[in-house]
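# Observations on chain architecture
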Amino acid sequence: MSDKLPQPAGLPIFLLDGHEIPFQPGQTVMQAALEAGFYIPHLCFHEEFKPHGSCKVCTVKVNGRTVASCTTAAAADLDVESETSELRDLRKTLVQFLFTEGNHFCPSCEQSGNCKLQAVAYELDVLSAHFNPIFPDRPLDASHPDVLLDFNRCILCELCIRASSEVDGKDVFALAGRGITKHLIVNAESGRLADTKLAVNDKAMSVCPVGVIQRKRRGFAVPIGQRTYDQKPISEVTISRLQGHPIGHAEDQEGDGR
Amino acid sequence: MAFPLEKAEDPTKLRRVAIDPVSRVEGHGKVTILLDDAGKIHQVRLHIVEFRGFERFILGRPYWEVPVMVQRLCGICPVSHHLAASKALDLVVGAKRVTHTAELVRRLMHYGQILQSHALHFYHLASPDLLFGFGSAVATRNVVGVLAAFPELARQGVLLRKYGQEIIRLTAGKRVHGTGSVPGGVNKSLTAAERDELLAPLPDVKQWLRSGLAALTGLYGQNREQYDSFGTVPSSLLSLVGRQGQLDLYDGVLRARDQYGKIIFDGLDPQQYRSQLKENVRSWSYMKFPFIGSLGPEAGWYKVGPLARIQNCDVIDTPLAEEARQGLLATSPTRQLIHAPLHYHWARLIEMVHAAEVIENLLHDQDLLGDQLMASGPRAIAGVGIIEAPRGTLIHHYEVDEQDLVTMCNLIVSTTHNNQAMNEAIRQVARQYLDGQELTEGLLNHIEVAIRAYDPCLSCATHALGKMPLQVEFVDPAGKVVQRLVRDGENLAAVSA
Ligand code: SF4
Ligand code: FES
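Residues numbered from 1 in each chain as written. Chains lettered and ligands numbered in written order. Predicted model: local features only at pLDDT ≥ 70, side-chain atom pairs only at ≥ 80, totals over all residues. Heavy atoms only, no water.

### Notes on the overall build of chain B
Regarding its fold elements, chain B presents 16 helices and 17 strands. Counting all 497 residues of chain B, 63% fall into the buried class. The contacts in chain B between residues at least 6 apart in sequence include a share of 67% that link residues at least 24 apart. Counting every atom, chain B has about 17800 Å² of accessible surface; 54% of that belongs to carbon and sulfur. (Helix = DSSP H or I, 4+ residues; strand = E, 2+ residues; numbered from the N terminus. Buried < 20%, exposed > 50% of the residue type's maximum accessible area, 1.4 Å probe, protein only. Contact = heavy atoms within 4.5 Å. Areas by Shrake-Rupley, 256 points an atom, 1.4 Å probe, with all protein chains shown as cover.)

Here it is, written out as structure tokens:
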């Protein structure tokens, strides 16, 4: 990592792969690491929302125990391992599962290049889905005049749910079912997006790490190849953005790395 | 029966030969030949299994994904699908005319594609047959053999392809699965630096094409009889022509001529293609047989592709290509239309010359660097986009509902248009070369040479390194496979059935 911030004096520290990471009391391992310029792969974490700990892509070892770094409180003298081959392999497998469970046809997906799942996969050198894809066949919801939902790409991170309820105050999205049948639903009696109050400027529109929630009719306006993660790996994009130097197109900067 | 050798009188008494290579994405071809004990041929069929399910991927998808998605239809000319879909969807988003810059960028992309695809087809896939002979030793009858015996020609083929691919990369954004063309226009134009990068190699490109053309006319000079007669069956022709009747591979109106050159229809708006083109189904083939409605399903078949195009148009509006076209037309002293499949290769080279000239003109147009990229207008529910893809006319037809999802999709690819033409060509070749003969790899290759003249995308026509797996089955009158031959690389080996 190149752009390490100068470390404020007097803060407690923990060790991340041998580096001293200062933290404010109350911060998680993830928050402190990112702030110090160290990227830990993550998908359901978003710095504006309360951590949720569901994707487990951010798994690290703390004093030898496997935990989600986004939900683990930083504490003095923790010994955190992140960039080990064991943890990389674990993350890789988790990401491959996500590819298996959804329809992620990157070459024709509008989100390609702005997709965090794809970018994290590249970061982790995931070159194939490895497992047999399930190919879900859930119908799209195109009822809303300006927004399209492609449920087949959802990785169940619940960021849209959190954004819609905490920021937009609308509760447009929810999860239903459990286990393998768990899926995103639209919170309306009809089940249709058109019957919610979702608007294109809502926070919920900009947090999806994959390509479920799309603005209609602007597909491929930015050429693939010129998109955020086409230019730099997600580790660099994330750290640069948190340090106030966003990489990529302005319209892709609404949410975490988008 | 209307098509001799399409159906044997009593197929149960005949042996069967099936040329059945492994399947590829676009669809795969299989040739079956029914023989009696004396080796007399009674039936020859090219079965093409189209990669159908594709419509299923597109139905229910948002329209803006379509131009990107359809590129998976073809590994050799994805750009043609990209552009045909964009053209159809231009109409859906109300862009009856795209901006001048968008049209220039798309044309550049298309002619770059023509150049790279034709280069692959001619230099890589077809030249081994032409240079060494159709029945020559299979060990050298491949691109590696060409590289050894004709290194300069092989090198030029590679460089021509590279140049076309570079054009695609700069206009579409990527070499494969680009996203440059979008419904209503393009998402990028060229920078001055990119334009200059493409201008630099043009003098060489033209020189290489001159040598290619000279090499081919030289081969023709040595073996006129074979080139004129190999698999030759007259038919009607179909293609787009420009609005002034000139050759135009990107846009225009549909024109069809009968086998003697008389116009059947002309000036047909692509949106109305269904008023003249009908589709027929036959029990033995998955692929449809399109035909010109006014002539009926038996007489209405036609050829598409380079040889159809350069004879269907009135003129090529770039000088070097028109001169080359006149050279080919002059081989028919009576000025009858040329129907010989092998002349597809000559026509292909003429189109490559034309592509280079068009590319040069486009690169000198300042608007290629413009920033007016998108047009729009009132929405429509349907659109048809037709383009002359490297192998022939390509039709994309969509309907899109008010929620922006595709509800209908009809694609007619060039392979389908040429279905009957390829079947007729291989029947003719079977009559000319295979009848009563002991079948060898070299003789079976004659069948593939005829298919390859039309279509390199069928995997049975694609023997990139002479290593195409090939199966030949001999079936007894009861339908049981009595012997199976497998061609793997250089040998035809018997495998017990
Ligand atoms: S739609 Fe997107 S943001 Fe919402 S749960 Fe699914 S992946 Fe997460
Ligand atoms: S980012 Fe920590 S569990 Fe998802």
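The structure having been displayed, the exposition proceeds.
### Topic: the site of ligand 1
Near ligand 1, the surroundings consist of Cys154(A), Ile155(A), Leu156(A), Cys157(A), Glu158(A), Cys160(A), Leu184(A), Cys208(A), Pro209(A), Val210(A) and Val212(A). Its residues assigned to classes, the shell around ligand 1 shows 10 nonpolar, no polar and one charged. (Near = heavy atom within 4 Å. Nonpolar A, V, L, I, M, F, W, Y, C, P; charged D, E, K, R; others polar.)

### Focus on the packing of helix H6 (residues 151–172) of chain B against helix H7 (residues 192–199) of chain B
Residues and elements named next belong to chain B. In the contact formed by H6 and H7, the axes pass within 11 Å of each other and the chain directions differ by 170 degrees. Between H6 and H7, the angle falls in the class roughly antiparallel. Counting all contacts with H6, which are made through Tyr 163, Glu 166, Ile 167, Arg 169 and Leu 170, the residues of H7 involved are Glu 194, Glu 197 and Leu 198. Looking at side-chain class alone, the contact of H6 with H7 contains four nonpolar, no polar and four charged residues. (Axes fitted to C-alpha atoms, helices over the stretch in contact; angles between N-to-C directions. Parallel < 35°, antiparallel > 145°, perpendicular 65-115°, else oblique.)

### Re the domain arrangement of chain A
Size of an interface, as often reported, equals the accessible area lost when the parts are brought together. Residues and elements named next belong to chain A. By the assigned domains, chain A splits into domain 1 (8–83) and domain 2 (89–218). Spacing between the C-alpha centres of domain 1 and domain 2 amounts to 26 Å. Each partner contributes residues to the interface: domain 1 has 22 residues there, and domain 2 has 22 residues. Interface area, domain 1 with domain 2, both sides summed: about 1600 Å², of which 62% is carbon and sulfur. Where domain 1 packs against domain 2, one counts two salt bridges. Of the charged contacts, one joins Glu 83 and Arg 91 as a salt bridge, the two residues approaching to 3.8 Å between their closest N and O atoms. (Domains from an automatic or database assignment. Buried area = accessible area lost by both parts, 1.4 Å probe. Salt bridge = Lys/Arg side-chain N within 4 Å of Asp/Glu carboxyl O.)

### Observations regarding H6(B)
Look at H6(B): 31 Å from first C-alpha to last across 22 residues, which is about the 32 Å you get at 1.5 Å a residue. Gly173(B), located one to two residues past H6(B), shows a positive phi value of around 95 degrees. (Expected span 1.5 Å × (residues − 1).)

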